[in-house]
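# Report on the structure
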Amino acid sequence: NMQLLRYAGENGLAAYGVLMYVSFVFISLFIGYAIGTAPVFGFHYGAQNHRELRSLLKKSFVIIGITSVVMLVLSLILARPLAKIFVGYDEPLCDLTERAFVINAFSLLFVGVAIFSSSFFTALSDGVTSAVIAFLRTLVFQVAAVMLLPLIFDVDGIWASVIAAELAASVLGILFIALKRKKYGY
């Protein structure tokens, strides 16, 4: 909030509030998928059905990838109409909110992988790895990006901070999945 006030004033706070509410609708699809598939992964891991575990993991990445691209496109198309619905009463605020939507939309390319990878390790009873991904994603990467990116990109750096945090968390999640492949047999 302090960064938003510093770089965009009260309009920045309002735009961010709208952005977070709308983004959660998009992100909830990934959360639902991750939570819904966790018992299936857990079952196959417990049954030592490694071939099915590997198959489900590959299919999940395909589903998440396609969904990410579709949601990015939808978010870009709906940026102006959604901004109008929430803050259409104030044109400069509406423009700022639309810009925030457009920039933030690209985080949808990465958030699914970040959420899924954390849930995946929970399903495999590896709570430490899951917690590391979740903690770094929501606190460390996000805070670092919010503090650093505005120094380079002004207020756009705040909107892009979610992209940076989700990208870093996705890379971390994929790295853990690759490193722990033999341990869990997927």
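This report concerns the structure included in the present document. (Residues numbered from 1 in each chain as written. Predicted model: local features only at pLDDT ≥ 70, side-chain atom pairs only at ≥ 80, totals over all residues. Heavy atoms only, no water.)

Okay, the overall build of the protein chain next. Looking only at helices and strands, one finds 7 helices and 0 strands in the protein chain. Helices (α) and strands (β) of the protein chain occur, in sequence order from the N terminus, as α-α-α-α-α-α-α. Dimensions of the protein chain, computed from the C-alpha atoms along their principal axes, are close to 55 × 30 × 20 Å. Taking all contacts inside the protein chain whose residues are at least 6 apart in sequence as the whole, residues at least 24 apart take part in 72%. With 13 positive and 10 negative side-chain charges, the protein chain shows a spacing of 20 Å between the two charge centroids. (Helix = DSSP H or I, 4+ residues; strand = E, 2+ residues; numbered from the N terminus. Contact = heavy atoms within 4.5 Å. Lys, Arg positive; Asp, Glu negative; His and termini not counted. Charge placed at Lys NZ, Arg CZ, Asp CG, Glu CD.)

The subject of this paragraph is unusual backbone geometry. Of note, Q48 is a non-glycine position whose phi angle comes to about 55°, a positive value. Within the secondary structure, Q48 sits in the loop between α1 (2-46) and α2 (50-87). Residues other than glycine seldom take positive phi values, yet S125 does so here, at roughly 65°.

Position of N104 among the secondary structure elements: in helix α3 (residues 91-104). Classification of N104 as buried rests on a relative accessible area of 5%. Beyond its immediate sequence surroundings of up to four residues, N104 is in contact with L19, S23, W159 and V162. (Buried < 20%, exposed > 50% of the residue type's maximum accessible area, 1.4 Å probe, protein only.)

On to the pattern of salt bridges. One pass over the structure, following the stated rule, counts 7 salt bridges. Close ionic contact of E166 with R137 constitutes a salt bridge, the shortest N to O distance being 2.8 Å. Placement of E166 in helix α6 (residues 155-179) and of R137 in helix α5 (residues 127-153) is noted, with a sequence separation of 29 residues between them. A single network of salt bridges, built from pairs that share partners, joins R80, K84, E91, D95 and E98. (Salt bridge = Lys/Arg side-chain N within 4 Å of Asp/Glu carboxyl O.)

With that out of the way, let us pick up α5. Along its 27 residues, α5 runs 36 Å from first to last C-alpha, staying within 8% of the 39 Å computed at 1.5 Å per residue. The largest bend along α5 measures about 45° and falls at L136. Of all the positions in α5, only T129, S130, I133, R137, Q142, A145, V146, L149 and P150 are classed as buried. Turning to α5, the residues buried within the fold contact α1, α4 (108-123) and α6. In the stretch just after α5, D154 is the one whose phi turns positive, near 60°. (Expected span 1.5 Å × (residues − 1). Bend = angle between axes of the 7 residues up to and from the residue.)

The next thing to look at is α6. With 25 residues, α6 should cover 36 Å at 1.5 Å per step; its first-to-last C-alpha distance of 37 Å lies within 8% of that length. Within α6, the axis deviates most sharply at S161, by approximately 35°.

Ranked by internal contacts, the top residues of the largest apolar core, which has 48 residues, are F41, F101, F120, F121, W159 and Y186. The set of elements that each furnish at least two residues to this core consists of α1, α2, α3, α4, α5 and α6. The greatest single-element share of this core, amounting to 11 residues, is contributed by α1. (Core = buried A, V, L, I, M, F, W, Y, C linked by side-chain atoms within 4.5 Å.)

Right, let's get into the packing of aromatic side chains. Following the criterion strictly, the structure yields 11 aromatic pairs and no others. Ring geometry for F120 against F121: centres 5.4 Å apart, planes inclined by 70°, an arrangement best described as edge-to-face. Judged by its relative accessible area of 0%, F121 is buried. Where F121 meets F176, the ring centres are 6.4 Å apart and the plane angle is 75°; that geometry is what we call edge-to-face. Taken together, the positions of F121 in helix α4 and F176 in helix α6 put the pair 55 residues apart, joining distant regions of the chain. Within the aromatic cluster, the residues linked to one another by ring pairs are Y33, F41, Y45, F61, F116, F120, F121, F176, Y184 and Y186. (Phe/Tyr/Trp six-rings, centres within 6.5 Å; stacked < 30°, edge-to-face > 60°.)

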